[in-house]
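Reading the structure
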Amino acid sequence: MEAPQRHPVEQSGGKEMEDVVCNFLEAQEGVEKLRCSYKKRIQATQSGLQSLREEVMEDFWKMHSFLYAEEQSVMAKIGQEEKQVLSGLEDRVTDITKRAACVLELMDYLSEVEDHDGHLTGTFEIEINGQLVFSKLENGGFPYEKDLIEAIRRARNGEPLEKITNSRPPCVIL
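Residues numbered from 1 in each chain as written. Predicted model: local features only at pLDDT ≥ 70, side-chain atom pairs only at ≥ 80, totals over all residues. Heavy atoms only, no water.

Under an unreviewed UniProt entry, the protein chain has the name Zinc finger FYVE domain-containing protein 9 and belongs to Platysternon megacephalum.

Between its first and last C-alpha atoms helix α4 (residues 145-156) spans 16 Å; for 12 residues at 1.5 Å apiece the expected length is 16 Å, and the two agree. Along α4, the positions that sit buried rather than exposed are Asp-147, Leu-148, Ala-151 and Ala-155. An end-on view of α4 places all buried positions within 100 degrees of arc, on one side of the element. For α4, the exposed residues set more than 90 degrees away from the buried face come down to Lys-146 and Arg-156. The first or second residue beyond α4 is Gly-158, which carries a positive phi of 75 degrees. (Helix = DSSP H or I, 4+ residues; strand = E, 2+ residues; numbered from the N terminus. Expected span 1.5 Å × (residues − 1). Buried < 20%, exposed > 50% of the residue type's maximum accessible area, 1.4 Å probe, protein only. Arc of directions from axis to C-beta.)

What follows deals with the nonpolar core. Counting residues in hydrophobic clusters, the biggest one holds 12 residues: Val-103, Phe-124, Ile-126, Ile-128, Val-133, Phe-134, Phe-142, Leu-148, Ala-151, Ala-155, Leu-161 and Ile-164. Where this core is concerned, the elements lending two or more residues are β1 (125-128), β2 (131-135) and α4. Beyond its immediate stretch of four places on either side in the chain, Phe-134 contacts Phe-124, Glu-125, Ile-126, Asn-139, Gly-141, Phe-142, Pro-143, Ile-164, Asn-166 and Ser-167. (Core = buried A, V, L, I, M, F, W, Y, C linked by side-chain atoms within 4.5 Å. Contact = heavy atoms within 4.5 Å.)

This part covers the packing of aromatic side chains. In this structure the tally under the stated criterion is one aromatic pair. Ring geometry for Phe-60 and Trp-61: centres 5.1 Å apart, planes at 75 degrees, overall edge-to-face. Given a relative accessible area of 45%, Phe-60 falls into the partly exposed group. (Phe/Tyr/Trp six-rings, centres within 6.5 Å; stacked < 30°, edge-to-face > 60°.)

For the rest of this paragraph, the subject is the pairing of β2. As paired elements, β1 and β2 share four bridges and run antiparallel to each other. Pairing of Glu-127 across the sheet is with Leu-132, part of β2. (Pairing = 2+ DSSP bridges.)

Another aspect to go through is a nonpolar patch on the surface. Residues Met-17, Val-20, Val-21, Phe-24 and Leu-25 make up a contiguous nonpolar surface patch of roughly 450 Å² in combined accessible area. Relative to the helices and strands, Leu-25 resides in helix α2 (residues 14-111). (Patch = residues over 30% accessible without salt bridge, like charges linked within 9 Å, V, L, I, M, F, W, Y side chains within 5 Å. Areas by Shrake-Rupley, 256 points an atom, 1.4 Å probe, with all protein chains shown as cover. Salt bridge = Lys/Arg side-chain N within 4 Å of Asp/Glu carboxyl O.)

Across all of its chains, the model carries 11 salt bridges by this definition. Of the charged contacts, one joins Glu-145 and Arg-168 as a salt bridge, the two residues approaching to 3.4 Å between their closest N and O atoms. Of this pair, Glu-145 sits in helix α4 while Arg-168 is found in the segment after α4, placing the two residues 23 residues apart along the sequence. Judged by its relative accessible area of 26%, Glu-145 is partly exposed. Overlapping salt bridges, with partners in common, bring together Glu-150, Arg-153, Arg-154 and Glu-159 in one network.

Following this line, the structure appears as structure tokens:
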């Protein structure tokens, strides 16, 4: 029977085995150093990422606060402008309502004018600054409010007046 074969390292003797073990231990030590080095790098990278994350979050909140303040400022300006526009519109509506009431009141009064004998004729004439601008007798009806308002506006602006020739037929009650 043959003697069992030995591993080449065992055959070479104890010195080589010692060298192999020594090389293995040195390699293991090198691996441990690399592992420690990479562990430190990973920790540094994680720490850097955490710092960067915190900076980004801080910048985000600064930007958010700035934009919120800007939005509030713009909304306040829009609110003020809206109030001014609404106030102006309310003033216009009030002015138009007053003018329309005056025109209606004038038309009611004019429709009941008396003739020279004290009889109600239902006819009337409208003069502005001494100039005849409408005659119910000539036109056979009432002036349109828009035409009368336009004549008053022209007189107020110093523009030449024109005689109103458009009229609505009078209301007849049988």
